[in-house]
Amino acid sequence: MFNKILIANRGEIACRVAATCRRLGIRTVAVYSDADANARHVALCDEAVHIGGAAARESYLRGDHIIEMAKATGAQAIHPGYGFLSENDGFADACAAAGLVFIGPPASSIRAMGSKSAAKRLMEEAAVPLVPGYHGEDQDPALLRHEADRIGYPVLLKASAGGGGKGMRVVEASEGFEAALASVQREASASFGDDRVLVEKYLTRPRHIEIQVFADTHGNCVYLFERDCSVQRRHQKVLEEAPAPGMSEERRRAMGEAAVAAAQAVGYVGAGTVEFIANQDGSFYFMEMNTRLQVEHPVTEMITGQDLVEWQLRVASGEPLPLKQDQLRIHGHALEARVYAENPDKGFLPSTGTLRYLRTPAAVTFALGHDGDGPAGVRIDSGVREGDTISPYYDPMIAKLIVWGRDREEALARMAQALAEYHVVGLSTNIAFLQRLVTSQAFRTADLDTGLIERNQAALFPPSAQVGTETIALAVAALVDAETRARRVDPADAHSPWQNAGAWRLNGDASSQFRLRTSEGETLASLRSDGGKQWLTVGDQTVPFRATTHGGGYALDLGARTVKGSTHLDGESLYVFSGAQQTRLEVIDPLAHAGTADAEGGKLVAPMPGRIIAVMVQAGAVIGKGDPLIVMEAMKMEHTLTAPADGVVQEVLYAIGDQVQDGAQLVTLEDVVA
Ligand code: MV4
């Protein structure tokens, strides 16, 4: 086994690799960019080396420089994690040439699976099931249409050079074939410089089921069962689980053996994943092989009780696989949710900023399942802590929340609970969206396919609900609590009023007023103490009010309703967390004088830090509300900023290529007075 390895990655995967190394007594070298000097992965490793600028191509993608650093620090091997250099065959070769072990498959396996059409031909030879279709060289339109007729409609036309859903078109009937072909060829030429297409039987409701495989250098290869990753959004996985709901033992063995055959056909070594698309009837077809450890590997760890990073290290150092196929078993059920800094209500726009407040459910970094209770049923893999920033330079994932249960139902309940206890202030997150997803009828009943999110828009994107009395009541509890603590002479004695008196009450027949601003406007609440009882009035509604502290938050008895939740006061903003719902309220201090009016409308500001890549207007241009003015690039995506109102451009304050800060004013506008 190695004494020291370099981890050529960042974030949660670098932290996760470091944790296994620590357990096995292997020293670790972290690498970090300008943006990551104080990152969690740097703190967790034994040594750290600065490798360059914040942009990945100036740091985490500098293979030669990373190899130099591995040699300079005396590391024997490099773990590439996922993304970055993990599937770069040239980097794998360069490691070997430098006398370092690349903790991953041979470069030849990466190459063999890298070319999608060549991989399909190899799989055909290895008798791995492929979607019925035509992958030939002859691109005569008449022949292609003949093949489509033979396969039977609907068919899917895919650009041979495509991937990730680009350059695909469904053809419903023979009559529409020629027009669709011309369109896919045009798109394929433009996007990939290669107009070749392949024709496949179109699966109307496919599931994405992938098999974890592992091979060693002694000729052993096993499968560690499947993961169902059908819940995706624009080819980004959102939820993953293992085992796949509805999988029979027979089918599991057939898919496992097909995956092992696929790996063996390319001389595979190490951790890999063979992706299949499966029909609702269970029939399955090879899509591609990912020649790395994947983001969602923890669900496999939880159901098998195996540490896959430990397996990678053992295999890379020449040891045989720790277990044989017949020693591997599935225990219970695991789910993973990817917690992202993004805004589901704004088209999942990435959200950058500081994690000003971060509270997470009781959890452990490693949980290999097999335990029904306590924190071992919840695992959090994260590369960030409270106070850290989510920058525009890398993937905006905050954490992976992984849960284990004896069965799917228990895992689902635990996930819902864990999401409700995951509290983030400082940026937008997808937590409430994930909560709606895991509690949706479609997901609960495992009615899975890759269109689940699209099909359930109504349930997953409800119109924002009005701020309820429960939320206002939690806010009132927090404000009375804060007020009482502030009045204590001795801060060490600052117990909650709710704790001291069991249920706290105002003195005598006192009454307190609270003014709160919600997204819908101002709300007035009053708490009145009267004859030993308390009453809360919100609008025209009056309810009994009894508060006790509850696990860092409050439990309220409102007569007909009880509510649990917690709060975080950040300046004048009060955040109320209840369920996985987060509500921000502004506390209006009646003593503070009215603020100056906002100069809104007359300007266009950057919604996030990024770079200007296009400017469509110049001073004097007459613009209409919604007209595109500027395109920014941030978080690897392009964002078009449009005019907030009709008007005339007064001044454009930035040019193409400029870096801009979050909130920077980009364009000033004059109103058009009709
Ligand atoms: C398909 C398909 C249905 N029928 N092929 C999308 C990405 C590309 N790598 C393969 N993809 C698909 N191929 C046939 N013959 C549906 C998809 C597909 C999909 C596949 C896996 C996971 C998510 C997906 C989302 C949309 C479409």
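Reading the values: rules and limits
- Residues numbered from 1 in each chain as written.
- Predicted model: local features only at pLDDT ≥ 70, side-chain atom pairs only at ≥ 80, totals over all residues.
- Heavy atoms only, no water.
- Phe/Tyr/Trp six-rings, centres within 6.5 Å; stacked < 30°, edge-to-face > 60°.
- Lys NZ or Arg CZ within 6 Å of the ring centre and 35° of its normal.
- Helix = DSSP H or I, 4+ residues; strand = E, 2+ residues; numbered from the N terminus.
- Contact = heavy atoms within 4.5 Å.
- Core = buried A, V, L, I, M, F, W, Y, C linked by side-chain atoms within 4.5 Å.
- Buried < 20%, exposed > 50% of the residue type's maximum accessible area, 1.4 Å probe, protein only.
- Pairing = 2+ DSSP bridges.
- Axes fitted to C-alpha atoms, helices over the stretch in contact; angles between N-to-C directions.
- Salt bridge = Lys/Arg side-chain N within 4 Å of Asp/Glu carboxyl O.
- Near = heavy atom within 4 Å.
- Polar contact = N/O pair within 3.5 Å; in protein donor to acceptor, adjacent residues only side chain to side chain.
- Nonpolar A, V, L, I, M, F, W, Y, C, P; charged D, E, K, R; others polar.
- Arc of directions from axis to C-beta.

(A) Quick look at the packing of aromatic side chains. Overall, the coordinates contain 11 aromatic pairs when judged by the stated rule. A connected cluster of aromatic rings, assembled from ring pairs, spans Tyr 60, Phe 84, Tyr 393 and Tyr 394. Just above the ring of Phe 443 sits the side chain of Arg 408; from NZ or CZ to the centre is 4.5 Å.

(B) The arrangement of the side chain of His 568 in detail. Within the secondary structure layout, His 568 lies in strand 32 (residues 562-570). Apart from residues no more than four positions distant in its own chain, His 568 is found in contact with Tyr 357, Val 425, Ser 573, Leu 574, Tyr 575 and Phe 577.

(C) Spatial organisation of the nonpolar core. By size, the foremost hydrophobic cluster in this structure holds 58 residues, and its most contacted members are Ile 5, Val 213, Phe 214, Phe 276 and Phe 286. No other element matches the 6 residues that helix 9 (residues 249-265) contributes to this core. Apart from residues lying up to four places away in sequence, Phe 276 is in contact with Val 128, Arg 207, His 208, Ile 209, Ile 211, Met 255, Ala 258, Ala 259, Phe 284, Tyr 285, Phe 286 and Met 287. In this structure, Leu 335, Leu 358, Ile 380 and Ala 411 belong to the second largest nonpolar core, which totals 38 residues.

(D) Fine view of the sheet that holds strand 3 (residues 47-52). Taken together, 5 strands build an open sheet; the order of strands is 3-2-1-4-5 and the sheet is parallel. Looking along the sheet, the strands with just one partner apiece sit at the ends: strand 3 and strand 5 (101-102). The pairing of strand 1 (residues 4-7) with strand 2 (residues 27-33) spans 4 bridges and is classified as parallel. Pairing of Ile 5 across the sheet is with Thr 28, part of strand 2. The strands touched by helix 1 (residues 11-24) within the sheet are strand 1, strand 2 and strand 4 (77-79), with strand 1 carrying the most contacts at an inclination of about 170 degrees.

(E) Structural view of the pattern of salt bridges. For the structure shown, the criterion picks out 46 salt bridges. Between Arg 406 and Glu 410 there is a salt bridge, with the nearest N and O atoms lying 2.5 Å from each other. In this structure Arg 406 comes out as exposed when scored by relative accessible area, which is 58%. Among the residues examined, Glu 410 registers a relative accessible area of 17% and is labelled buried. Overlapping salt bridges bring together Arg 16, Arg 23, Glu 301, Asp 307, Glu 310, Arg 314, Glu 319, Arg 379 and Asp 381 as one network.

(F) Just the side chain of Ser 566, in detail. Residue placement: Ser 566 occurs in strand 32. Those residues in contact with Ser 566, other than ones at most four positions away along the chain, are His 423, Gly 552, Gly 553, Tyr 575, Val 576 and Phe 577.

(G) Region of the structure containing the site of the ligand. By nearness alone, 17 residues border the ligand, and Lys 158, Glu 200, Lys 201, Leu 203 and Thr 450 come closest of all. In this structure, Lys 158 approaches the ligand through a side-chain N or O atom, which is 3.2 Å from a nitrogen atom. Here a nitrogen atom of the ligand and a backbone polar atom of Lys 201 are 2.7 Å apart. Taken together, the elements giving at least two residues each to the shell around the ligand come down to strand 7 (155-159), strand 9 (197-201) and strand 16 (284-290). Here the residues of the shell around the ligand sort into 8 nonpolar, 5 polar and 4 charged.

(H) The arrangement of helix 6 (residues 116-125) in detail. Every buried residue of helix 6 is listed here: Ala 119, Lys 120 and Met 123. Viewed end-on, helix 6 has its buried residues packed into an arc of 105 degrees, placing them on one side of the element. Pointing more than 90 degrees away from the buried face of helix 6 are the exposed residues Glu 124 and Glu 125. Buried positions along helix 6 lie against helix 5 (107-114), strand 9, helix 9 and strand 16. Its side-chain oxygen placed 3.3 Å from the backbone nitrogen of Ala 118, Ser 115 serves as the N-cap of helix 6. Where helix 6 terminates, the next one or two residues include Ala 127, which has phi positive at roughly 60 degrees.

These figures capture arrangement, not role.
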